[in-house]
Amino acid sequence: IDLNADLFGQILTSPLLNASGVHCQTKEELNDLAHTSNLGAMVTKSATLQARAGNPNPRYYDLKNGSINSMGLPNLGYDFYLDYVLQEQTKPTILSVAALSAADAITLLKDLQASDYQGPTELNLSCPNIVGEPQLAYDFEATDRVLKEVFSFYTKPLGVKLPPYFDLVHFDKIAAVLNKYPLTHVNTINSVGNGLWVDIEQEQVVTKAKGGFGGLGGTMVLPTALANVRALRQRLHDSIKVLGTGGVTSGEDVFAHILCGADLVSVGTQVMKEGLSVYDRLAEELQAIMAHKGYQSLADFRGKLKEL
Ligand SMILES: O=C(O)c1[nH]c(=O)[nH]c(=O)c1I
């Protein structure tokens, strides 16, 4: 049995990645990922043109069925992550980038186009925690405008990180936009935006920014993540890969994401709960499920979810 997967031409021995934002902001964290077994590839924290401190603490809170975060896009700045990915990579790496405006996104990607970096990049269109900023990918026309301008000059591998959608017509609309562009992949889902958790004893919220509203992750978002992977796989051109993110806590969840069509699967909240050893456990559990079912490779069952 092999867990081999393909990352834009690079063969990975595991389909598992970290979710951008989790354990991938500092050099130390990135080096930890580079040495994590059964992590097939790694993704950097979304980078902005200028370094950012992010939102005030508390900004991450663990819940029994997941997590809520309002990090506020803290990162060491685009130059740091560009330097990092230009170094000799011990593990395939996706550079994640974000911007607080379409203009900033264009500026950043023009610099990236002019740089020596030839690897995969992921444009985050879905950060839910920037005070006063909407999640861009909920505005289909704005997303179309940004991608149209980006692909007027950008020729290197580029994918997008999407927020969850909750309406089949919205799946149709975003897929119609994305299918117009030579994207390497979509990564779905980002956290479920603007959830709220209440501390009953203290009678207060648990994160500081935005009055306690924050992005939801972990097992509670698995059905939404599976729906978005499935719906986008059904609608996007085969040339656009689907990275499944959201709600993975077990090998069964990885299996489900792949059954829905995911080429690769990211894990975020469960890394915060369990540490980087979670990747060994997930790989082992996935192999056991495949052995039990008689599958030799991920391709044997990828996208083969049956309807009734
Ligand atoms: O608050 C964050 O930094 C953050 N948090 C998320 O849950 N998703 C994102 O894309 C980002 I950029």
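Treat the numbers as computed from the prediction; the structure is a model and nothing was measured.

*Asks:* How should I be thinking about the environment of Gly77 in this particular structure?
*Replies:* With respect to the secondary-structure elements, Gly77 resides in the loop between strand E6 (66–69) and helix H2 (78–86). Residue Gly77 is classed as buried on the basis of its relative accessible area, which comes to 4%. C-alpha of Gly77 to C-alpha of Ala51: the two residues are 26 residues apart in sequence and 3.7 Å apart in space.

*Asks:* What is the right way to look at the pattern of salt bridges in this model?
*Replies:* When the charged atoms of two side chains with opposite charge come close together, those side chains can pair. On inspection of all chains with the given rule, the structure shows nine salt bridges. Between Arg230 and Glu307 there is a salt bridge whose closest N-O contact spans 3.3 Å. One end of the pair, Arg230, is in helix H6 (residues 222–235); the other, Glu307, is in the segment after helix H9 (278–293), and 77 residues separate them in sequence. Under the relative-accessibility criterion, Glu307 is labelled exposed at 63%. Its salt-bridge partner being Arg281, residue Glu285 comes within 3.0 Å of it at the nearest N-O pair. In this pair, Glu285 and Arg281 are both assigned in helix H9, four residues apart and thus about one turn of the helix distant. For Arg281, a relative accessible area of 23% corresponds to the partly exposed category.

Calculation notes
- Residue positions within a chain follow its written sequence, with the count starting from 1.
- The predicted origin of the model limits local features to residues at a pLDDT of at least 70 and limits the giving and counting of side-chain atom pairs to 80 or more, whereas totals for whole chains, interfaces and linings rest on all residues.
- Side-chain descriptors were evaluated using all non-hydrogen atoms of the structure, hydrogens and water having been removed beforehand.
- Numbering of helices and strands starts at the N terminus; helices are DSSP runs of H or I of at least 4 residues and strands are runs of E of at least 2.
- Three labels apply to residues, based on accessible area from a 1.4 Å probe with only protein chains included: buried if under 20% of the type maximum, exposed if over 50%, partly exposed otherwise in between.
- By definition, a salt bridge exists where a carboxyl oxygen of Asp or Glu is found within 4 Å of a side-chain nitrogen of Lys or Arg.

Remember that the coordinates give geometry; whether it matters functionally is a separate question.
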